[in-house]
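Given next are the chains, with one letter for each unit.
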Amino acid sequence: MNVREATAADEPTLLAFTEAIFGENWDRPWRPPEITPTMFDGKLVLVAENDGEPVGYAFGELDPQGYAHVNIVYVVPERRRQGVATALLTGFGERARAQGIEHLTLDVATRNEVGREAWRRLGFTEWAERLRVPIERLEQHDVHGESYASLHVQSDDREAVEAAVGRYLPRLGGSGGRVEGPRNGWVAVYAELVDRDRKARERLASELSNATAAVVCAISVDDGVVVRYVLYERGSVVDEYQSLPEHFGPLPPGDVVALGANPTVVSRLTGAEPAQVRAVARTASSPDELPPPDQLLQQLAEVMGLEGAGRG
């Protein structure tokens, strides 16, 4: 296999490859760019060939500030997992090193687990997270609402919960956790990190469930508009609910359905009446179709027997 820099004669192949990768992988909420020869202007473009036949390409830019960024790596389906992408990136890296550049970057979609794992195997590590928001939502100030949450551990052993919080909260970047209860068979946990960081909240809930071998419920109001809970059993998610399923971004239809509460699971883990869970845990596309979020959170907490849910 040969990796070389593209020439003007490669233009039809490059455009066809770009059409193919956009058709296969484009999952951003905005439309893809227009595919024209100008998209390669000023870029380093490499073509991988096998017996003179193009089997993949990569293109990106060499930044004089000290890094090279790869915009696209594409390999035809029948030649994947045969080292073509590695050869293209190696060739890109060699040309970057020749210009005194020491770092190579690329973007990968959050949902693209196959791609993320492939890049990790080549040594890529995460150093930033790119966020996006619909401008309309930003203009409506939905993202500036208050977030607050609590974790509830199904246990009467407050000391065990305190010990687990003391062990795991600092590892996630938090401090000053408060533990209360037990109340109605649940020990409640509050922390500033739990309020503001949804991912850290749910990681802590999973760790507490593992450490105590107990059911844990993370329940919250996020961005002042969406009500969410996640139930864990032995560290694993067994049910989750989100009042506005696509609040954090577009989802496939199956994922939207999955964010509706499962009354049978909730009943098994908390003793709640399935009919009450079904009546309260509604989902919608707009907050106008639901009760106010603080009210909805309290309704859910009451059904599941969680005292002091939310702000505490």
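All of these numbers come straight from a predicted model, not from anything done at the bench.

**Considerations on the overall build of the protein chain**
Stage number 1. In terms of helices and strands, the protein chain carries 11 helices and 11 strands.
Stage number 2. Its C-alpha radius of gyration of 25 Å places the protein chain more than 25% over the 20 Å reference for a compact globule of 312 residues.
Stage number 3. Considering only C-alpha atoms, the protein chain reaches an extent of 75 × 40 × 35 Å along its principal axes.
Stage number 4. Counting every position in the protein chain, which comprises 312 residues, the buried fraction comes to 40%.
Stage number 5. Within the protein chain, contacts between residues at least 6 apart in sequence are counted, and of these 59% link residues at least 24 apart.
Stage number 6. When the accessible surface of the protein chain is split by element, carbon and sulfur atoms take 47% of a total near 17000 Å².
Stage number 7. Distance between charge centroids for the protein chain: 3 Å, based on 32 positive and 48 negative side chains.

**Things to note about the side chain of histidine 247**
Stage number 1. Tracing the chain through its elements places histidine 247 in the loop between strand S11 (236–242) and helix H8 (253–258).
Stage number 2. Since its relative accessible area comes to 6%, histidine 247 is described here as buried.
Stage number 3. In terms of polar contacts, histidine 247 uses its side chain to reach the side chain of aspartate 223, at 2.7 Å.

**Topic: the nonpolar core**
Stage number 1. Phe40, Tyr57, Ile72, Val73, Tyr74, Leu88 and Leu89 are the most contacted members of the largest nonpolar core, which has 31 residues in total.
Stage number 2. Taken together, the elements giving at least two residues each to this core come down to helix H1 (11–25), strand S2 (44–50), strand S3 (53–63), strand S4 (67–75) and helix H2 (84–98).
Stage number 3. Ranked by residues supplied to this core, first place goes to S4 with six residues.
Stage number 4. The contact partners of tyrosine 57, leaving out residues within four places of it in the chain, are Leu14, Phe17, Thr18, Phe40, Val45, Leu46, Val47, Ile72, Val73, Tyr74 and Leu88.
Stage number 5. Val215, Leu269, Ala281 and Leu300 belong to the second largest nonpolar core, which has 26 residues in total.

**Here's the deal with the pattern of salt bridges**
Stage number 1. Counting across every chain of the model gives 20 salt bridges.
Stage number 2. With a closest N to O distance of 3.1 Å, lysine 43 and glutamate 61 form a salt bridge. In this pair, lysine 43 is assigned in the loop between H1 and S2 and glutamate 61 in strand S3, connecting sequence segments 18 residues apart.
Stage number 3. A relative accessible area of 32% means that glutamate 61 is categorised as partly exposed.
Stage number 4. When salt bridges that share partners are traced, they join Glu113, Arg116, Glu117, Arg120 and Glu126 into one network.

**A closer look at the pairing of strand S6 (residues 148–153)**
Stage number 1. Within S6, six of the six residues are buried, leaving the element largely enclosed by the surrounding structure.
Stage number 2. Here S6 shows a buried face lined by Tyr148, Ser150 and His152 and a second buried face lined by Ala149, Leu151 and Val153.
Stage number 3. Note that S6 and strand S9 (residues 216–222) share six bridges and pair antiparallel. For alanine 149, the partnering residue across the bridge sits in S9 and is serine 220.
Stage number 4. Bridge count between S6 and strand S8 (residues 186–190): three bridges; the pairing is antiparallel.

Calculation criteria
- Here the residue numbers are simple positions, counted from 1 along each chain's written sequence.
- The model is predicted, so local features are restricted to residues of pLDDT at least 70 and side-chain atom pairs to those at 80 or more, both for listing and for counting; the totals for chains, interfaces and linings are taken over all residues.
- Based on all heavy atoms of the structure, the side-chain values leave hydrogens and waters out of the count.
- A run of DSSP states H or I qualifies as a helix once it reaches four residues; a run of E qualifies as a strand once it reaches two. Both are numbered from the N-terminal end.
- Here the radius of gyration uses the C-alpha set of atoms, whereas the globule reference equals 2.2 Å times the residue count to the power 0.38.
- Burial classes follow relative accessibility: with a 1.4 Å probe on protein chains only, a residue under 20% of its type's maximum area counts as buried, one over 50% as exposed, and anything between as partly exposed.
- Between two residues, a contact is recorded if the distance between any of their heavy atoms is within 4.5 Å.
- For accessible areas, the Shrake-Rupley method is used with a probe of radius 1.4 Å. Any residue's cover is judged against the shown protein chains and nothing else.
- Only four residue types enter the charge count, namely Lys and Arg as positive and Asp and Glu as negative; His and the chain termini do not.
- Where a charge sits is defined by one atom per residue type, namely NZ (Lys), CZ (Arg), CG (Asp) or CD (Glu).
- For this analysis, a polar contact is any N or O atom pair within 3.5 Å, provided that within protein one partner can donate a hydrogen and the other can accept it, and provided that sequence-adjacent residues contribute only side-chain to side-chain pairs.
- For the purposes of this section, nonpolar cores are sets of buried Ala, Val, Leu, Ile, Met, Phe, Trp, Tyr and Cys residues that join through side-chain atoms within 4.5 Å.
- One side-chain nitrogen of Lys or Arg within 4 Å of one carboxyl oxygen of Asp or Glu is enough to make a salt bridge.
- When DSSP locates at least two bridges between a pair of strands, those strands are taken to pair.

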